[in-house]
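Structural overview
Each chain is listed here by its residues.
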Amino acid sequence: MNTAIEFQHVTKGFKGASYNAVNDVSLSINEGEFITILGSSGSGKTTLLKMTNRLYDPDSGNIILFGENIRDVDKVLVRRRIGYAIQQVGLLPHMTVAQNIAIVPKLLKWDKKRIEARAHELLELVGLEPKEFSSRYPAQLSGGQQQRIGLARALAADPKIMLLDEPFGAIDAINRLNLQDELKRIHGGLKKTFLFVTHDINEALKLGTRVVVMNEGRVCQFDTPENIAKNPADDFVKSLINSCREQEKFWEGLT
Amino acid sequence: MELLRFAQRNYNLLLRALVEHIQLVLIALVLSVLLAGLLTLVAMYFRGAGSLLTYIFSIVYSIPSIALFALMIPVLGLGRTTAIIVLVLYNQFILLRNFITGLGGVDSGIVEAATGMGMTKSQLIFRVRLPLSLKPIFVGIRLALVSTIAIAIIAAFIGAGGIGLLITIGLETGNNNRIIWGVILSAGLGIIVNGVLVFIEKKIK
């Protein structure tokens, strides 16, 4: 199996912080995996993700994508090869849905027909009727619809790697469950490698083929959801699992 | 009534003063916007340049206009060119502040997404920041325009002509009609221009 992403002793600190945001992280991720990175705020999960498309550069260590050290590749080119979706979505409000999806293909100078066909195909993939939605503006969409467009836009240039930074963080519970199911379906059909950051343990264990648990810049455990639930590696992971169990009890008490 | 009779008799004088004034203001405004646009780009590409430039021009802006005109005479001499240069310098503070805060104030999520998708710095400025800050840019231009209409009156002291000349001659010769018409024309011009631009501004998203 191909290695898609390799973090080798990656460390990154920010000025004025008492510990490194990411501290000596080494991970090897295979092509086609759906990796969720779970941690509370300040755990370094987003910093790790943003180093993968060079929004940040590590202080030390290497990040290898498909055998290539991204330190040696122009930042802009690295980013165009990687899909990127974030919680705030960040659709450009002065562009239609179709134009938003077309941003990266346009940067890559695809021809017009190919871009149109791709936008059409992607809207169908994310469950929005192309005829109805292509010419709408972001302000005319609900939060859930905006994030679907955000996903379509990230997928537009058919990247091998997708980085998702709490994409469903601001979406209500019911829509979030739907979007999670659809993201899982999309991943299953595409053979792409997903890196998905979340602070929601249910989301992390539900979506991930493997889960990275992070705390204070370090990786506590990197394993399948089953193994994490059965054999938590340290006290932090244990406390995460326990918090879930507590909630279950709370629910049982209500019903 | 006397005012109206004065206007009838001196129709050409008033019209010439108005046209001259509008010319002076427009030339100064176009040059101001060009210079401010250029300086804004510098500010976008070089970290820290924006606050430095705004600081420098805030000092220029705090000099009373009549003093700045006087200061420039030994350097540039009398005349319209000097007046235009001073007006352009004055406008930089108003324009730069609006341009820089406008371009810098674009929603951080949008900027992050655009950067993460692989836009270059220039693409980010021209395809994202600029189209999303049309309103603050337009507000800056409106404020600069209205203030230029007023400050250009003072420019008559160094020989720039326009409505200011009407007023200065009125003052020197004790002709109240000239002074009052000068005030009416300049205030009227300012109010009308501002009103029209505010109306257009509301149409910009």
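These numbers come from a predicted model, not from an experiment.

**Looking at the overall build of chain B**
When helices and strands are counted, chain B shows 10 helices and 0 strands. The dimensions of chain B, computed from C-alpha atoms along their principal axes, are 70 × 40 × 20 Å. For chain B, the residues scored as buried account for 36% of the 205 residues in total. Long-range pairs, those at least 24 residues apart, make up 74% of the contacts in chain B with a sequence separation of at least 6.

**Some words on the overall build of chain A**
When helices and strands are counted, chain A shows 11 helices and 10 strands. Against the 2.2 N^0.38 benchmark of 18 Å for 255 residues, chain A shows a C-alpha radius of gyration of 19 Å, consistent with a compact globule. Structurally, chain A occupies a C-alpha span of about 55 × 55 × 40 Å along its principal axes.

**Here we look at the sheet that holds strand 6 (residues 82–86) of chain A**
Residues and elements named next belong to chain A. Strand order in the open sheet formed by 6 strands is 6-7-8-3-9-10, and the pairing between neighbours is mixed. This sheet does not close on itself; its edge strands, each paired only once, are strand 6 and strand 10 (218–223). In this sheet, neighbouring strand axes are inclined to one another by 15 degrees on average, regardless of whether the strands run parallel or antiparallel. Summarising the sheet, strand 6 and strand 7 (residues 161–165) pair through 5 bridges and their orientation is parallel. For I82, the partnering residue across the bridge sits in strand 7 and is I161.

**Let's talk about the interface of chain B and chain A**
Tallying the contact residues gives 14 residues for chain B and 16 residues for chain A. The element contributing the most residues to the side of chain B that touches chain A is helix 6 (residues 108–116) of chain B, with 7 residues. Partitioning the side of chain B that touches chain A into residue classes produces 8 nonpolar, 5 polar and 1 charged.

**Section: helix 1 (residues 45–52) of chain A**
Residue and element names in this part refer to chain A. Within helix 1, 8 of the 8 residues are buried, leaving the element largely enclosed by the surrounding structure. All of the buried residues in helix 1 are K45, T46, T47, L48, L49, K50, M51 and T52. Trailing helix 1 by a residue or two, R54 shows a phi angle of about 60 degrees, which is positive.

**A short note on the pairing of strand 7 of chain A**
Each regular strand shows side chains that alternate between the opposite faces of the sheet. All names here are of chain A. Where burial is concerned, most of strand 7 is hidden: 5 out of the 5 residues are buried. Along strand 7, one buried face is formed by I161, L163 and D165 and the opposite face, lined by M162 and L164, is buried too. Examined bridge by bridge, strand 7 and strand 8 (residues 193–198) share 5 bridges and lie parallel to one another. Each bridged residue has a counterpart across the sheet, and for D165 the counterpart in strand 8 is V197. In this region the chain leaves strand 7, passes through helix 8 (residues 173–190) and returns to the parallel neighbour strand 8; the handedness of that crossover is right-handed.

**A word on unusual backbone geometry**
Across the chain, the bulk of peptide bonds are trans and the bulk of non-glycine residues have phi less than zero. All names here are of chain A. A positive phi angle, close to 45 degrees, is found at F66, a residue other than glycine. Its place among the elements puts F66 in the loop between strand 4 (60–65) and strand 5 (68–69). Under the C-beta neighbour-count criterion, F66 is labelled partly exposed, with 14 such atoms within 10 Å.

**Details of helix 8 of chain A**
When the terminal C-alpha atoms of helix 8 of chain A are compared, their 26 Å separation across 18 residues agrees well with the 26 Å that a helix rising 1.5 Å per residue should span. Note on helix 8 of chain A: the residue one or two positions beyond its end, K191(A), has a positive phi of about 60 degrees.

**Digging into the nonpolar core**
Among the nonpolar cores identified, the biggest contains 120 residues, and I37(A), L87(B) and A155(B) are the most heavily contacted of them. In terms of residues, this core owes the most to one element, helix 5 (residues 80–104) of chain B, which gives 13 residues. Once you skip the residues sitting within four places of it in the chain, I37(A) turns out to touch K45(A), L48(A), L49(A), L195(A), F196(A), V197(A), V212(A) and M214(A).

**Observations regarding the pairing of strand 10 of chain A**
Residues and elements named next belong to chain A. Pairing geometry for strand 9 (residues 210–215) and strand 10, over 5 bridges, is antiparallel. Paired with V211 across the two strands is D223, which belongs to strand 10. In this structure, the hairpin formed by strand 9 and strand 10 is closed by a connection of 2 residues, where E216 is found at a positive phi of approximately 45 degrees.

**Re the confidence of the model for chain B**
Fine structural detail should not be taken from predicted coordinates in areas where pLDDT scores are low. For chain B, mean pLDDT is 93; residues scoring 70 or higher make up 100% of the total. Across the whole predicted complex the pTM is 0.88, and at the interface the ipTM reaches 0.90.

**Remarks on the packing of helix 2 (residues 11–45) of chain B against helix 5 of chain B**
Residues and elements named next belong to chain B. Contact geometry of helix 2 with helix 5 gives a least axis separation of 7 Å together with a crossing angle of 45 degrees. If you check the angle between helix 2 and helix 5, you find them oblique. Here the hand of the crossing between helix 2 and helix 5 comes out right-handed. Between helix 2 and helix 5, the contacting residues are L24, I27, A28, L31, S32, V33, L35, A36, L39, T40, A43 and M44 on the first element and R80, A83, I84, L87, V88, N91, Q92, L95, L96, F99, I100 and L103 on the second. Partitioned by chemical class, the residues of the contact of helix 2 with helix 5 number 19 nonpolar, 4 polar and 1 charged.

**Topic: the sheet that holds strand 5 of chain A**
Two modes of strand pairing occur in sheets, parallel and antiparallel, and in both the strands are linked by backbone hydrogen bonds. Residues and elements named next belong to chain A. Here we have 4 strands laid out as an open sheet, ordered 2-1-4-5, and antiparallel in their pairing. The open sheet is flanked by strand 2 (22–30) and strand 5, the only strands paired with a single partner. Across 5 bridges, the pairing between strand 1 (residues 3–12) and strand 4 is antiparallel. Looking at the pairing, I5 lines up with L65 of strand 4. Most of the contacts of helix 1 go to strand 1, to which it runs at about 120 degrees, and overall it touches strand 1, strand 2 and strand 4.

Parameters and conventions
- Residues numbered from 1 in each chain as written.
- Chains lettered and ligands numbered in written order.
- Predicted model: local features only at pLDDT ≥ 70, side-chain atom pairs only at ≥ 80, totals over all residues.
- Helix = DSSP H or I, 4+ residues; strand = E, 2+ residues; numbered from the N terminus.
- Buried ≥ 20, exposed ≤ 12 C-beta atoms within 10 Å, placed from the backbone.
- Contact = placed C-beta atoms within 7 Å.
- Rg over C-alpha atoms; globule rule 2.2 N^0.38 Å.
- Pairing = 2+ DSSP bridges.
- Axes fitted to C-alpha atoms, helices over the stretch in contact; angles between N-to-C directions.
- Nonpolar A, V, L, I, M, F, W, Y, C, P; charged D, E, K, R; others polar.
- Right-handed = clockwise from strand over helix to strand, strands pointing away.
- Expected span 1.5 Å × (residues − 1).
- Core = buried A, V, L, I, M, F, W, Y, C linked by C-beta atoms within 7 Å.
- pLDDT = per-residue confidence, 0-100.
- Parallel < 35°, antiparallel > 145°, perpendicular 65-115°, else oblique.
- Left-handed = near helix turned anticlockwise from the far one by under 90°.

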